[in-house]
Protein chains: 2
Amino acid sequence: MTPQNAFYAQSGGVTAVINVSACAVLETARRHPDKIGKVYAGRNGIVGALTEDLIDTSQESDETIAALRHTPGAAFGSCRYKLKSLEENRAQYERLIEVFRAHNIGYFFYNGGNDSADTCHKVSQLSEAMGFPIRAIHIPKTVDNDLPVTDCCPGYASAAKYVALSTLEASMDVASMSATSTKVFVFEVMGRHAGWIAAAGGMASTAKRPVPIVILFPEVPFDQDAFLARVKATVGEHGYCSVVVSEGVRRADGKFLADAGYTDAFGHTQLGGVAPVVARMIHGELGFRTHWAVADYLQRSARHIASRTDVEHAYAVGRAAVELAIAGGNALMTTIERSADDPYRWEIGSAPLEEIANREKHMPADFITADGFGITDACRHYLQPLIRGEDYPPFAEDGLPRYVRLQNAPVAKILNTPFEP
Amino acid sequence: MTPQNAFYAQSGGVTAVINVSACAVLETARRHPDKIGKVYAGRNGIVGALTEDLIDTSQESDETIAALRHTPGAAFGSCRYKLKSLEENRAQYERLIEVFRAHNIGYFFYNGGNDSADTCHKVSQLSEAMGFPIRAIHIPKTVDNDLPVTDCCPGYASAAKYVALSTLEASMDVASMSATSTKVFVFEVMGRHAGWIAAAGGMASTAKRPVPIVILFPEVPFDQDAFLARVKATVGEHGYCSVVVSEGVRRADGKFLADAGYTDAFGHTQLGGVAPVVARMIHGELGFRTHWAVADYLQRSARHIASRTDVEHAYAVGRAAVELAIAGGNALMTTIERSADDPYRWEIGSAPLEEIANREKHMPADFITADGFGITDACRHYLQPLIRGEDYPPFAEDGLPRYVRLQNAPVAKILNTPFEP
């Protein structure tokens, strides 16, 4: 009997290592030709499944697939597309399963965050109800580190390493300049409503190598007076200060700090980054010269300085997903389970999707210092093994990494019916 | 006879490799104890000389000095401090020479850009006139790459590599997201009035790995209609676009693009970064979703991804400065002389400071494409060898590089007279 095919798709914002999980799925599937036929990827994520725009990964050489391990971005394209609830748009889910049925897809591997875990869960349920049961396994991925159950989310640790390293390097810069020039460096990082990425900035400072860093977490309502007093005192003591600010910081009234009431020449509200707002506030109120940076995509795409731990996690959750599915697993997410901080020990586990979907993991309260501006030892113990180790991509003669591009050859359509996602 | 001491100072904005030159100066001086006594460094650059705040580098171990080779920032502190003209403030120059005389300093090594070349020149001239001749050698350093005579300035190539790599990684991110979300990524880089750093963004795209990149150079007056038309066409053709914008871009009327007429809630003009202005313009006029990043200090401090060529240049100009001075050289700057692009061949030369001071090297006109939005093959041939090669710092168990901190022990004051620089 010909084995069933598998479907793999990437969802949401990319990470430096989402392609590492893709590499693991494809390499593991290739080792089980008796169990899995071809692996089709969704072009631009789940939208590719809805529109029957599938990519035939069997066209790619083993060497190309292996190179995904050191390539950032989303090799098959990702998407920001949340399926509506089953009640609201059952047709979307039915369409997915029709496409899967047409292409004899018996395995569904979905690599993403919270929303995609939910989609994965519903595909599993509905396929069963529609008489074409599909084993659906979710592979965790998000720089926001907000999936429950798993100890951490692949992608987060590399963003954390990038932010810790960038904070250290920029702090050495401002320290060098502070006697006669810039005294405060402000660094804006991602993380939405969670301070996981901002917390990583605190790792630039250690007992052996102290660096004066003030962190603004989205979990802590912004108190302008307390913040400015802290910056002033820090510059007074150390001569300079670095501020790591999360994009999602809000004032006590719930308003984003980035919404500082700026208007442009036409009177439109200007919602810029939060770093320039903080830098301007410091300069205006304390008189210090400031510099500011916004990392944006760089922090989630910097494969060149990815965490080796993260790369190993991302590969392991992808490989385990395929092995789980082959073994009959269904409606599960692969997870990272930590058993010790130092030396760091971890293994792969799994959790039912109903425990994952639509639940968010927040920073533990005891990860933030009582004053709200720093990280605790508990946070350091959590973060330390995650950012340890490097995993450099090979570089070419052009001075840049040998990041791979796939052919992404289309699979011939079978349904060939229009569908507007 | 006891050999004379040497003075070394770092000036202006730091680079990822200014400490590489410091390392070279100290290591080379230590190999010539018969010619050079101690090397004193200026704490916070030339300000340390004016205030007699000298650092005794002989207190640092060989191992520590060697670690400067992989450490960013300015190990002795830098400064933004331009000496006035000799006519305007002769007392400043006389003070310098008094301090040097008091500490028996016969060699002056100044590591910086244009202003410091000028200071170096005057110290040489005035010391002679004051009967205490000092051999003054300037060591080139600037990410802006605007010093004349030398083929390139140490520090530039690492910033260029960082910008090329970041542009590539972020472009892979936006390419992954563009089907359903962000279509344009805007990346702001340094360079003041010269497009050298912005040009490096163009290196992310090669014939084998084309990436749609639009560059905004300070040399090209900003034409909003032409720019928006180019972005629209690029997104139409490729599905996405990256824009690399130099901080110094101006409109045809000479006004900085960053000055877009935004005012805050109090009616004050908001002079933010140029990236958010460009991103907002694209979103407002073309409707594309955008993301933007500002590299700021990160691009000149990213020692972790420094160019190996740059590290070699920075070491060579430092070593040659000491060797030149020992051989009797004076009022010179060490230079990089290129003899071939591919394979890249270069050697160290030197140039009289009167040919350096107060002259700026601009981007050749034939480095920018006729449409004003890209780099030519001539530019590629120039840049290619500069960004080639990596030179990773060693990393520690904390997941971050083993960047070194010096003790920076003070030299006992001899003059001990107050001086307000």
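Residues numbered from 1 in each chain as written. Chains lettered and ligands numbered in written order. Predicted model: local features only at pLDDT ≥ 70, side-chain atom pairs only at ≥ 80, totals over all residues. Heavy atoms only, no water.

The name recorded for chain A in an unreviewed UniProt entry is Pyrophosphate--fructose 6-phosphate 1-phosphotransferase, from Methylomarinovum tepidoasis. UniProt lists a comment for chain A under the heading Cofactor (unreviewed entry), and it reads "Mg(2+)". Database annotation for chain A, UniProt heading Catalytic activity (unreviewed entry): "beta-D-fructose 6-phosphate + diphosphate = beta-D-fructose 1,6-bisphosphate + phosphate + H(+)". (UniProt positions renumbered as here; feature names shortened; annotations may be inferred.)

Participant: I tried to follow the nonpolar core on my own but got confused; where do I start?
Facilitator: In a soluble, globular protein the nonpolar side chains are often hidden away together inside. Ranked by size, the top nonpolar core spans 184 residues in total, and within it Phe109(A), Tyr162(A), Phe109(B) and Tyr162(B) carry the most contacts. With near-sequence residues (within four places) excluded, Tyr162(B) lies in contact with Tyr162(A), Leu298(A), Phe187(B), Ala295(B), Leu298(B), Gln299(B), Ala302(B) and Ile305(B). Leu228(A), Phe288(A), Val274(B) and Val278(B) belong to the second-largest nonpolar core, a separate cluster that totals 51 residues. (Core = buried A, V, L, I, M, F, W, Y, C linked by side-chain atoms within 4.5 Å. Buried < 20%, exposed > 50% of the residue type's maximum accessible area, 1.4 Å probe, protein only. Contact = heavy atoms within 4.5 Å.)

Participant: What am I meant to see in the interface of chain A and chain B here?
Facilitator: Put simply, an interface is often sized by how much accessible area is lost when its parts join up. Taken together, the 80 residues of chain A in the interface contact 80 residues of chain B. Counting each side, the surface lost to burial between chain A and chain B is near 6400 Å², with a carbon and sulfur contribution of 57%. For chain A, the biggest contributors to the area lost against chain B are Glu169(A), Tyr297(A) and Leu400(A); these three give 11% of the whole. There are six salt bridges connecting chain A and chain B. Of the charged contacts, one joins Arg388(A) and Glu397(B) as a salt bridge, the two residues approaching to 3.5 Å between their closest N and O atoms. On inspection of chain A and its partner chain B, the count reaches 32 residue pairs in polar contact (both at pLDDT 80 or more). (Buried area = accessible area lost by both parts, 1.4 Å probe. Salt bridge = Lys/Arg side-chain N within 4 Å of Asp/Glu carboxyl O. Polar contact = N/O pair within 3.5 Å; in protein donor to acceptor, adjacent residues only side chain to side chain.)

Participant: Quick question: what am I supposed to make of the pattern of salt bridges here?
Facilitator: Note that side chains of opposite charge can pair when their charged atoms are close. All names here are of chain A. Applying the stated criterion to the full structure yields 38 salt bridges over all chains. In this structure, Asp115 engages Lys82 in a salt bridge whose closest nitrogen and oxygen atoms are separated by 3.4 Å. Here Lys82 lies in the loop between helix 3 (62-67) and helix 4 (90-102) and Asp115 lies in helix 5 (residues 114-129), a separation of 33 residues in the sequence. According to the relative accessible area criterion, Asp115 is partly exposed, its value standing at 37%. Taken together, the salt bridges that share partners define one network made up of Asp144, Asp146 and Arg192. (Helix = DSSP H or I, 4+ residues; strand = E, 2+ residues; numbered from the N terminus.)

Participant: In this structure, what is going on with empty space enclosed by the protein? I would like to understand it.
Facilitator: Over the atoms, a rolled probe matching the size of one water molecule traces out where space is still vacant. All names here are of chain B. Throughout the structure, instances matching the rule amount to two cavities of 30 Å³ or more. Quantified by volume, the second largest cavity comes out at close to 30 Å³. Here the lining of the second largest cavity gets three residues from one element, more than from any other, and that element is helix 6 (residues 156-177). (1 Å grid on protein atoms, 1.4 Å probe; cavity = no way out; pocket = protein on both sides within 12 Å on 5 of 7 lines; lining within 4 Å. Points joined across faces, edges and corners; volume = space filled by probe spheres on them.)

Participant: Just checking my understanding: could you explain the UniProt feature "binding site: substrate" (unreviewed entry) in chain A for this structure?
Facilitator: All names here are of chain A. The UniProt record annotates "binding site: substrate" (unreviewed entry) at Thr142, Val143, Asp144, Met190, Gly191, Arg192, Glu247, Tyr297, Leu298, Gln299 and Arg300. Among the annotated residues just listed, those that line the second largest cavity are Leu298. The exposure class of Thr142 is buried, given its relative accessible area of 7%. If we skip the residues at most four places from it in the chain, Thr142 touches Thr15, Leu147, Cys153, Pro154, Gly155 and Tyr156. Separated by 2.8 Å, the side chain of Thr142 and the backbone nitrogen of Asp144 make a polar contact. Relative to the assigned elements, Arg192 resides in the loop between strand 6 (184-189) and helix 7 (196-201). Non-local contacts of Arg192, meaning those with residues more than four positions away in its chain, are made with Asp144, Asp146, Pro218, Ser246, Glu247 and Gly248.

Participant: Hey, could you run me through unusual backbone geometry in this one?
Facilitator: All names here are of chain A. Geometrically, the link from Asp342 to Pro343 is a cis peptide bond, its omega value of 0° lying close to zero. The phi dihedral of Glu52 falls on the positive side, at around 55°, and the residue is not glycine. Structurally, Glu52 is set in the loop between helix 2 (46-50) and strand 3 (54-56). Positive phi, normally seen in glycine, also occurs at Asn416, with a value near 55°. For Asn416, the position within the fold is in the segment after helix 12 (377-386). Of the residues examined, Asn416 reaches a relative accessible area of 57% and is grouped as exposed.

Participant: It is not clear to me how the sheet that holds strand 2 (residues 39-42) of chain A should be interpreted in this structure. Could you clarify?
Facilitator: The strands that make up a sheet are held in pairs by hydrogen bonds between backbone atoms, and each pair lies either parallel or antiparallel. Residues and elements named next belong to chain A. An order of 3-2-1-4-5-10-11 is seen for the seven strands of this open sheet, with the pairing classed as mixed. Each edge of the open sheet carries a strand with a single partner, namely strand 3 and strand 11 (344-352). Geometrically, the sheet is characterised by an average inter-axis angle of 30° between neighbouring strands, direction not taken into account. Pairing between strand 1 (residues 5-10) and strand 2: three bridges, direction parallel. The partner of Tyr8 across the bridge, within strand 2, is Ala41. Along the sheet, helix 1 (residues 18-30) makes contact with strand 1, strand 2, strand 4 (105-112) and strand 5 (135-140), crossing strand 1 at roughly 175°. Sheet contacts for helix 5: strand 4 and strand 5; angle to strand 4, the most-contacted strand, approximately 165°. (Pairing = 2+ DSSP bridges. Axes fitted to C-alpha atoms, helices over the stretch in contact; angles between N-to-C directions.)

Participant: Please explain the domain arrangement of chain A as it appears in this structure.
Facilitator: Residue and element names in this part refer to chain A. In terms of domains, chain A is made up of domain 1 (5-142 + 304-359) and domain 2 (156-301). Counting from both sides, the interface comprises twelve residues of domain 1 and, opposite them, eight residues of domain 2. Taken together, the two surfaces of domain 1 and domain 2 that pack against each other cover about 880 Å², and 55% of this comes from carbon and sulfur. Counting the surface domain 1 buries against domain 2, the share from its top three residues, Val14, Ile305 and Asp310, is 46%. One can count zero salt bridges joining domain 1 with domain 2. (Domains from an automatic or database assignment.)

Participant: Help me understand the packing of aromatic side chains in this model?
Facilitator: Two descriptors summarise a pair of aromatic rings, namely the distance from one centre to the other and the angle between the planes of the rings. Enumeration over the complete set of coordinates arrives at 30 aromatic pairs over all chains. Aromatic pair Trp292(A) and Trp292(B): ring centres 6.4 Å apart, planes at 80°, arrangement edge-to-face. Taken together, the residues span two chains, with Trp292(A) in strand 9 (residues 290-294) and Trp292(B) in strand 9 (residues 290-294). For the pair formed by Trp292(A) and Trp292(B), the shared burial category is buried. Between the aromatic rings of Phe227(B) and Phe373(B), the centroid separation amounts to 6.4 Å while the plane-to-plane angle is 50°, which identifies the pairing as tilted. Taken together, the residues span a long stretch of sequence, with Phe227(B) in helix 8 (residues 224-238) and Phe373(B) in the loop between strand 11 (344-352) and helix 12 (377-386) at a distance of 146 residues. Judged by its relative accessible area of 0%, Phe227(B) is buried. Grouped by ring-pair contacts, the aromatic residues Phe7(A), Phe100(A), Phe108(A) and Tyr110(A) constitute a single cluster. The ring of Phe256(A) is capped by Arg250(A), whose NZ or CZ atom sits 4.0 Å from the centre of that ring. (Phe/Tyr/Trp six-rings, centres within 6.5 Å; stacked < 30°, edge-to-face > 60°. Lys NZ or Arg CZ within 6 Å of the ring centre and 35° of its normal.)

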